[in-house]
Every structure is written in C-alpha cells, then in structure tokens.
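Here are the chains, one letter per residue:
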Amino acid sequence: MTSTKHPPGLPTLAEIGEVVAPHGISRLGVASADVLEDTRSVIHERKARGLNDGMQFTYRNPDRSTDPRRALPSAESVIVAARPYLTDTEPTRPVSGVPARVGRYAWVDHYEPLRVGLRAAAAQIEAAGHRALVFADDNSLVDRAIAQRAGLGWFGKNANLLLPGAGSFFVLGSIVTDAFYEPNGAPASDGCGSCVRCIDACPTDAIVAPGVIDGARCLSWVLQKPGPIPVEFRSAVGDRMYGCDDCQDVCPISVRLGPRNTVELDVEGDEVQAFVDAIELLGLDDATIEARHGRWWIAGREMRWLRRNALVVIGNRADPEDREARAVLDRYRSDDDPILVEHAVWADARLDERTTPTS
Ligand code: B12
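The rules behind each value
Residues numbered from 1 in each chain as written. Predicted model: local features only at pLDDT ≥ 70, side-chain atom pairs only at ≥ 80, totals over all residues. Heavy atoms only, no water. Helix = DSSP H or I, 4+ residues; strand = E, 2+ residues; numbered from the N terminus. Rg over C-alpha atoms; globule rule 2.2 N^0.38 Å. Buried < 20%, exposed > 50% of the residue type's maximum accessible area, 1.4 Å probe, protein only. Contact = heavy atoms within 4.5 Å. Areas by Shrake-Rupley, 256 points an atom, 1.4 Å probe, with all protein chains shown as cover. Salt bridge = Lys/Arg side-chain N within 4 Å of Asp/Glu carboxyl O. Pairing = 2+ DSSP bridges. Axes fitted to C-alpha atoms, helices over the stretch in contact; angles between N-to-C directions. Phe/Tyr/Trp six-rings, centres within 6.5 Å; stacked < 30°, edge-to-face > 60°.

Q: How do you make sense of the overall build of the chain when you look at a structure like this?
A: Of the regular secondary structure elements, the chain holds 16 helices and eleven strands. For 359 residues, the compact-globule estimate of 2.2 N^0.38 gives 21 Å, and the chain sits close to it at 22 Å. Here the chain holds 359 residues, and 50% of them are scored as buried. When contacts within the chain are restricted to residue pairs at least 6 apart in sequence, long-range pairs at least 24 apart make up 74% of them. Entry remark: accessible area of the chain is about 16,200 Å², with carbon and sulfur atoms responsible for 49%.

Q: What exactly am I supposed to notice about the side chain of threonine 58 here?
A: On the secondary structure map, threonine 58 appears in the loop between helix H2 (37-48) and helix H3 (62-65). The residues touching threonine 58, leaving out its near neighbours within four places in the chain, are Ile43, Ser65, Asp138, Asn139, Leu141 and Val142.

Q: Got a minute to help me understand the pattern of salt bridges in this structure?
A: Opposite charge on two side chains allows them to pair when their charged atoms are near. Throughout the structure, instances matching the rule amount to 23 salt bridges. A salt bridge links glutamate 112 to arginine 119; its shortest N-O distance comes to 3.8 Å. In this structure, the salt-bridge partner of arginine 326 is aspartate 352, at a minimum N-O distance of 2.9 Å. One end of the pair, arginine 326, is in helix H15 (residues 323-333); the other, aspartate 352, is in helix H16 (residues 338-355), with 26 residues separating them in the sequence. For arginine 326, a relative accessible area of 21% gives the class partly exposed.

Q: Sorry if this is basic, but what is going on with the sheet that holds strand S3 (residues 99-102) here?
A: The strands that make up a sheet are held in pairs by hydrogen bonds between backbone atoms, and each pair lies either parallel or antiparallel. Across the sheet, which stays open at both edges, the three strands sit in the order S10-S3-S11 with mixed pairing between neighbours. For this open sheet the edge positions go to strand S10 (240-242) and strand S11 (275-277), each flanked by a neighbour on one side alone. For this sheet, the mean angle separating the axes of adjacent strands, direction not counted, is 40 degrees. In terms of strand pairing, S3 meets S11 through three bridges, oriented antiparallel. Of the residues in S11, the one forming a bridge with alanine 100 is valine 276. Contacts from helix H14 (residues 304-317) reach S3 and S10 within the one sheet, and its direction differs from that of S10 by about 170 degrees.

Q: Quick question: what am I supposed to make of the sheet that holds strand S7 (residues 170-177) here?
A: With antiparallel pairing, four strands are arranged side by side in an open sheet as S1-S2-S7-S4. The sheet is open, and its two edges are formed by strand S1 (27-32) and strand S4 (132-135), each paired on a single side. Between one strand and the next, the sheet's axes are offset by a mean angle of 25 degrees, whatever the strand orientation. Examined bridge by bridge, S1 and strand S2 (residues 77-84) share six bridges and lie antiparallel to one another. Within S2, the residue paired with valine 30 across the bridge is isoleucine 79. In the packing of helix H1 (residues 13-20) onto the sheet, the strands contacted are S1 and S2, and the crossing angle to S1 comes to about 135 degrees. With respect to the sheet, helix H5 (residues 111-127) is in contact with S2, S4 and S7, its orientation differing from that of S7 by roughly 20 degrees.

Q: Whenever I open this one, the pairing of S2 confuses me. Can you help?
A: For a regular strand, side chains alternate in direction, first toward one face of the sheet and then toward the other. Among the eight residues that make up S2, eight are buried, leaving the element largely enclosed by the rest of the structure. Here S2 shows two buried faces, one formed by Ser77, Ile79, Ala81 and Arg83 and the other by Val78, Val80, Ala82 and Pro84. Across eight bridges, the pairing between S2 and S7 is antiparallel. Across the sheet, residue arginine 83 finds its bridge partner in S7, namely valine 171.

Q: Sorry if this is basic, but what is going on with the packing of aromatic side chains here?
A: The geometry of two aromatic rings is summed up by the distance between their centres and the angle between their planes. Per the stated rule, a full pass over the model turns up six aromatic pairs. Seen in terms of ring centroids, tyrosine 105 and tyrosine 242 are 6.2 Å apart; in terms of plane orientation they differ by 15 degrees. Their pairing is stacked. Pair noted here: tyrosine 105 is in the loop between S3 and H5 and tyrosine 242 is in strand S10, with a separation of 137 residues, a long-range link. Relative accessible area serves as the criterion here: at 3%, tyrosine 242 is assigned to the buried category. Here the aromatic rings of tryptophan 221 and tryptophan 297 are separated by 5.8 Å at their centres, their planes lie at 40 degrees, and the arrangement is tilted. Taken as a pair, tryptophan 221 in helix H8 (residues 219-222) and tryptophan 297 in the loop between helix H13 (286-293) and H14 lie far apart in primary sequence, 76 residues in all. A relative accessible area of 7% places tryptophan 221 in the buried class. Here the aromatic cluster, defined as three or more aromatic residues joined through ring pairs, consists of Phe57, Trp221 and Trp297.

Here is the structure:
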C-alpha cells in the first residue's frame, strides 16, 4: 500500500511484505497507534470479574498493553503481521509410551521466525530514519485487538482472531513505528454467523459468552498455571500436555480454510514436538526438561508443572495394566513435592477406575 504522504526511502507496506514473506508471514495490516480504549475497558472489566484467574501478561498493566505509545511515545502506526502455524504434514501419534499432546502453536517455535521477520522489516524502517519496535506475544501490546483494528480479521466466538479465508491458526505480531502508514479502512466483517460449535465443544465450558474466556476453566491456562490442577478438570485434560486446540479444531472456517494457509517448518521432523512421552518426561531431571521445553511458558520456570501435567495424562490415558506407568506413579507417590504426590495418587486411582468397567 502506498500513501500520498509516503516519504522516499521508507519501505512501503508491499515492500515490507516482501521482507517478511521468507519468514512465513503471509498477511499484513496497518492500525493507528491510538489507545485501544474498548480493549482497555474489557480488560479492566474481566479482571474485576476474576476471568484472568491471576494471569498477568497483558492484564498486569492494561494502560500499557492497550497503548502503543507507552512503548514509543512518537508512534504513528502499527504494522500488524500474521504467520500461519498449520503445517502440511501431521505428525503421527507415537505408539510407544504414553503420548501427551502439545497444542499446534507450540509444536515448534513460531514466535521466533515471526519476530525475526518483523525485525528485518523494522531495520528497513529505521534505515529510513524512523523508530520501529517489534512486539509479538509480549506483555506490552494486545496482539489480537491491534490486529483486529488493522483489519486482519474478526474476533471469533472462541476469542481467537479469525482471518478471512483462513481461520485462526495464526500467530500475531507488530511493528510499532513513528513512520506514518495509511491505516486499513474497514474492519473485517464477522464470519461466525450463528455458529456456536466452539462454545459447545470446549471441554470445560470455558467460553462463558461469545468471545469471553474464563481463564480458570480454559485448559490452555490450567496446564500453564502454578498449583494443583483442579480435580474437576483433570479428566477433561485427557492427553494434553501443553495447550488446547479444541475450540479451533471444531471451527468450520479454520478446519476448512486453515489447511490452505500453511507454513513450512524450518526444523528437522524429529524436532517437531507434537507429542511428549509422559512416562519418559517423568524420568527426566529439570535441566533436561528445560532444554527440551524451555521455550514454552511454564509458571515460574518450574518444571514440576510439566510433571504434574504428565501425571494427569498417565491417569487418563495409560493402559491400567501398563507396569511401567504404574511404576512411575509409585515412584512419584513418594516424591518430595506434595503436589506431585497428590497428582500421582489421583492418577493411580484414575487408572483403577478405568480398570473397573462401569455399569
Ligand atoms: C493471556 C493470553 C492467553 C490466555 C488467555 C486467553 C484470552 N482469551 O485472553 C490463555 C493462556 C488461556 C491463552 C490461550 C490461548 N492462546 Co493466548 N495469549 C494471551 C496473550 C498473552 C494476551 C491475551 C489478552 O490480552 N487477553 C485479554 C482478553 C481481554 O482478550 P481476548 O480474550 O482476546 O478478548 C477480546 C475479545 O473478547 C473481544 N471481544 C469483546 N467483546 C466481544 C464480544 C464478542 C461477541 C466477541 C466475538 C468478541 C469480543 O475483545 C476482547 C479484547 O480485545 C496473547 C498475546 C498478546 N500479547 O496479546 C496470546 C494470544 C492471544 N494467544 C494466542 C494463542 C495461539 C492461544 C491459544 C490458541 C494457544 C493454545 N492452543 O492453547 C489459546 C486460545 C485460547 C482462547 N480461546 O482464547 C495467540 C492468538 C492468535 C489468534 N489468531 O487469535 C496470541 C495473540 C499470541 C500471539 N501473539 O499470536 N492465551
């Protein structure tokens, strides 16, 4: 896009598109850098209702996360980018061990290539004499709301931003700059219509109203947050280790159109972490777990929370006759960590329950 005001030397949006494309970024939009007033009041209201369930992130300082000028006082524009995270090849489910599933967005690091691409574009804007800061999944900016303002998509009932003709399997990031770019005109129109599949499919009824997530119920947060997993959600955890895709996996738009918007993974096949062997993970020390999964958001960087998740997966999914699984649970029943002991006891009881056919 070019504006009549576009100064010579400043890359146009089309030129930025060429810089970021090799990093998998397929869509760009432009928003003004004005305060996102509606989002600010929504965050305050959700905090007041406790829907953030102690989450900090963009909730910690809504006045900052909804104001691009807090990061760059002279900001004029925000260039917002979307990078798909669906891939053409689905990893096969391992047959050995107790496979625990990882949310699609975390199979590989999608944020890093997004940031690398945006930094390359920001460098070109800076070379033209402007300031340009990159944010992606950062506490300083509400990514979905700024993307919505930039016309990239609409808020689905599952709270994700859906891109027209593509769905929601995208990560989002921005360049906040004092260069002027013509903002996108009309916002994307709503494509959900009367569909409520995501609301009906959420395993824990976490979508408490269209577009409104109760963090305390959302398995994505339940698996990240510190402390015991509430007993009422443990069966619903199923085989999930990290992340939950259910509200997107049932979305007709994302399911139908997502596969036409894929990204090539820049890693060897065996580096794709779509499954983790829960039994193996419970035999690893902290340093090894961190080396494998340290890029995930893990509360306090304490690996015990991944062990906790693995224990619940074993309770839900191991064969009750699996001796190795029972042995791991036995070991954790006498662990030093009382939370892990309690989860191991629960998992053992769950295996027993699954042995006994219910009438
Ligand atoms: C905190 C957080 C979480 C929390 C809370 C999620 C939430 N809904 O707030 C938890 C840990 C649960 C989470 C989970 C996930 N997350 Co997250 N998360 C964030 C983070 C850090 C902040 C989000 C935020 O500000 N929430 C505040 C609330 C108020 O915003 P909201 O829920 O989007 O609410 C908006 C809508 O409700 C809308 N709205 C208001 N009224 C109405 C009315 C109607 C009818 C509708 C439809 C909408 C609507 O306006 C609100 C404000 O903008 C962002 C990164 C960032 N810096 O922005 C990533 C981010 C939102 N997450 C992302 C991803 C990928 C996920 C998961 C898919 C990961 C997974 N597979 O497990 C799930 C999806 C869960 C879900 N359905 O929302 C992506 C989303 C990309 C996209 N296309 O939307 C982001 C943008 C990261 C990134 N940079 O790519 N996440």
